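Notes for the structure review
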Amino acid sequence: MIKKLRGSIMLLLTAIIWGTAFVAQSEGMNYVQPFTYNAVRTLLGGIVLLPVIYVLREKERETVMVCADTKATLTGGIICGFILFCASSFQQLGISMTTAGKAGFITALYVVIVPIIDIFFGKKVSLRTWLCVITAVFGFYLLCIKNDLKISKGDLLVLICSVFYAFHIIVIDHFNLKKANGLIMSCIQFFTAGILLTICMFIFENPTLSGILAAKHTILYTGIMSCGVAYTLQIIGQKSTPPALATMIMSLESVFAALSGWLILSEKLNTKEIIGCIFVFAAVVLAQININPGKDNK
């Protein structure tokens, strides 16, 4: 019981860190451009994971490292890194044009998008999933569509980011089945995405050391806490938490994004947008509930 509680607390901390990271990302845009911000924080995330991998390697050598498939880990890391590069780029560009709170809820739609993508791989979609999709679309309409039936550019970019994150989850599941080492694969993906982002940074932007130093607090938070600490907490927490409960706890990320945006950035949502957030969150939670307790949903 204590072990399960400890795992749930770790996952709750993960959701808090990821949710508040939207505020840090939004604030970072006051000092540097999107590719510069993402390049530095993503490479930092990869560096932070190196000592974590070393410690876990010493503690779990027999159960983690020996059983992992090297080829699957390397290939998965590179492919995930490319998708992460696309997802984070669209997200950071979108956050610079919309609020952190809205970005958090729109990003969370990846949970609903995943089963839709699965249709193209021949998987059946349940009635419950379609209900989630309809609920999410209605929530997105209330949250983002204006009276003239137009969606803002920032919200659209974050929605595209959500689609890439959905593919990211599918690819991770694929390589996990091939016995890839999750932590090492994540580290490889950070360095892969970081290199691609760095190339784009020098091609499309004019990075300055003064700008990066000015944004250092937000970069350190998203690089160290969001990438390194939160990912490690997620891995350890999920070991002692049932999958259905784990995913529900982590879905609170969108709620913490909205709350931190309101408390820290003084962002406000009107009544229509608040109702939209409720519908989106309901769809995300419903999509993750394991309605058959006799089976593991992961």
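Preceding this paragraph is the structure being described.
Report follows, based on the coordinates. (Residues numbered from 1 in each chain as written. Predicted model: local features only at pLDDT ≥ 70, side-chain atom pairs only at ≥ 80, totals over all residues. Heavy atoms only, no water.)

From N to C terminus, the chain includes 14 helices and zero strands. In sequence order, the chain lays out its α and β elements as α-α-α-α-α-α-α-α-α-α-α-α-α-α. What you see for the chain is a C-alpha radius of gyration of 19 Å, in line with the 19 Å of a compact globule of 298 residues. Along the three orthogonal principal directions, the C-alpha set of the chain runs to about 60 × 55 × 40 Å. Per-residue burial over the chain gives 50% buried out of 298 residues. Of all intrachain contacts in the chain linking residues separated by at least 6 positions in sequence, the fraction that spans at least 24 positions is 90%. Of the charged side chains in the chain, 23 are positive and 14 negative, and the gap between their average positions amounts to 4 Å. (Helix = DSSP H or I, 4+ residues; strand = E, 2+ residues; numbered from the N terminus. Rg over C-alpha atoms; globule rule 2.2 N^0.38 Å. Buried < 20%, exposed > 50% of the residue type's maximum accessible area, 1.4 Å probe, protein only. Contact = heavy atoms within 4.5 Å. Lys, Arg positive; Asp, Glu negative; His and termini not counted. Charge placed at Lys NZ, Arg CZ, Asp CG, Glu CD.)

Following both chains from N to C, one finds helix H5 (residues 100–107) and helix H7 (residues 127–144) inclined at 165°, their axes separated by 11 Å at the closest point. Comparing their axes, H7 and H5 come out roughly antiparallel. Our pair here, H5 against H7, has a crossing hand that is left-handed. Only Phe140, Leu143 and Cys144 of H7 make contact with H5, whose side of the interface consists of Lys102, Phe105 and Ile106. The residue makeup of the contact of H5 with H7, split by class, is five nonpolar, no polar and one charged. (Axes fitted to C-alpha atoms, helices over the stretch in contact; angles between N-to-C directions. Parallel < 35°, antiparallel > 145°, perpendicular 65-115°, else oblique. Left-handed = near helix turned anticlockwise from the far one by under 90°. Nonpolar A, V, L, I, M, F, W, Y, C, P; charged D, E, K, R; others polar.)

The next subject is empty space enclosed by the protein. Empty space left among the atoms is revealed by rolling a probe the size of a water molecule over them. All chains considered together, the criterion is met by one cavity of 30 Å³ or more. Space inside the largest cavity adds up to approximately 40 Å³. If you go around the largest cavity, the residues you meet are Ala108, Tyr110, Val111, Met250, Ser251, Glu253, Ser254 and Val284. Elements represented by at least two residues in the lining of the largest cavity include exactly helix H6 (110–119) and helix H13 (253–264). Its residues placed into classes, the lining of the largest cavity shows five nonpolar, two polar and one charged. (1 Å grid on protein atoms, 1.4 Å probe; cavity = no way out; pocket = protein on both sides within 12 Å on 5 of 7 lines; lining within 4 Å. Points joined across faces, edges and corners; volume = space filled by probe spheres on them.)

Glancing now at the nonpolar core. Core analysis: the biggest nonpolar cluster contains 28 residues, and Phe22, Phe105, Ile106, Leu109 and Leu143 have the highest contact counts within it. Mapped onto this core, the elements with two or more residues apiece are helix H1 (2–28), H5, H6, H7, helix H8 (153–177), H13 and helix H14 (271–288). In contact with Ile106, other than residues within four places in its own chain, are Phe140, Leu143, Cys144, Asp155, Val158, Leu159 and Ser162. Counting 20 residues, the second largest nonpolar core, distinct from the first, contains Phe85, Cys86, Tyr165 and Tyr231. (Core = buried A, V, L, I, M, F, W, Y, C linked by side-chain atoms within 4.5 Å.)

A few words on the packing of aromatic side chains. Inspection of the entire model under this criterion finds five aromatic pairs. An angle of 40° between the planes, with centres 6.3 Å apart, marks the rings of Phe82 and Phe85 as tilted. Here Phe82 and its partner Phe85 are both found in helix H4 (residues 70–95), three residues apart, which amounts to about one turn of the helix. Residues Tyr110 and Tyr165 carry aromatic rings whose centres are separated by 6.5 Å and whose planes lie at 55° to one another, so their mutual orientation is tilted. Within this pair, whereas Tyr110 is found in helix H6, its partner Tyr165 is found in helix H8, the two being separated by 55 residues in sequence. Classification of Tyr110 as partly exposed rests on a relative accessible area of 22%. Over the ring of Tyr141 we find Lys272; its NZ or CZ atom is 5.8 Å from the centre of that ring. (Phe/Tyr/Trp six-rings, centres within 6.5 Å; stacked < 30°, edge-to-face > 60°. Lys NZ or Arg CZ within 6 Å of the ring centre and 35° of its normal.)

Structurally, Ser260 is set in helix H13. Polar contacts involving the side chain of Ser260 include one to the main-chain carbonyl oxygen of Phe256, which spans 2.7 Å. With sequence-adjacent residues up to four places away left out, Ser260 is seen in contact with Gly19, Thr20, Val23 and Leu265. (Polar contact = N/O pair within 3.5 Å; in protein donor to acceptor, adjacent residues only side chain to side chain.)

The volume enclosed by the second largest pocket comes to roughly 250 Å³. Lining the second largest pocket are 14 residues, with Ala258, Leu259, Trp262, Leu269 and Ile274 sitting closest to its centre. Put simply, the parts of the chain that give the lining of the second largest pocket at least two residues each are H5, H13 and H14. For the lining of the second largest pocket, the element with the highest residue contribution is H13, accounting for four residues. Its residues placed into classes, the lining of the second largest pocket shows nine nonpolar, two polar and three charged.

Here we come to the environment of Ile195. Within the element layout of this structure, Ile195 appears in helix H9 (residues 182–204). Among the residues examined, Ile195 registers a relative accessible area of 51% and is labelled exposed. As a C-alpha pair, Ile195 and Leu43 span 152 residues in sequence and 7.7 Å in three-dimensional space.

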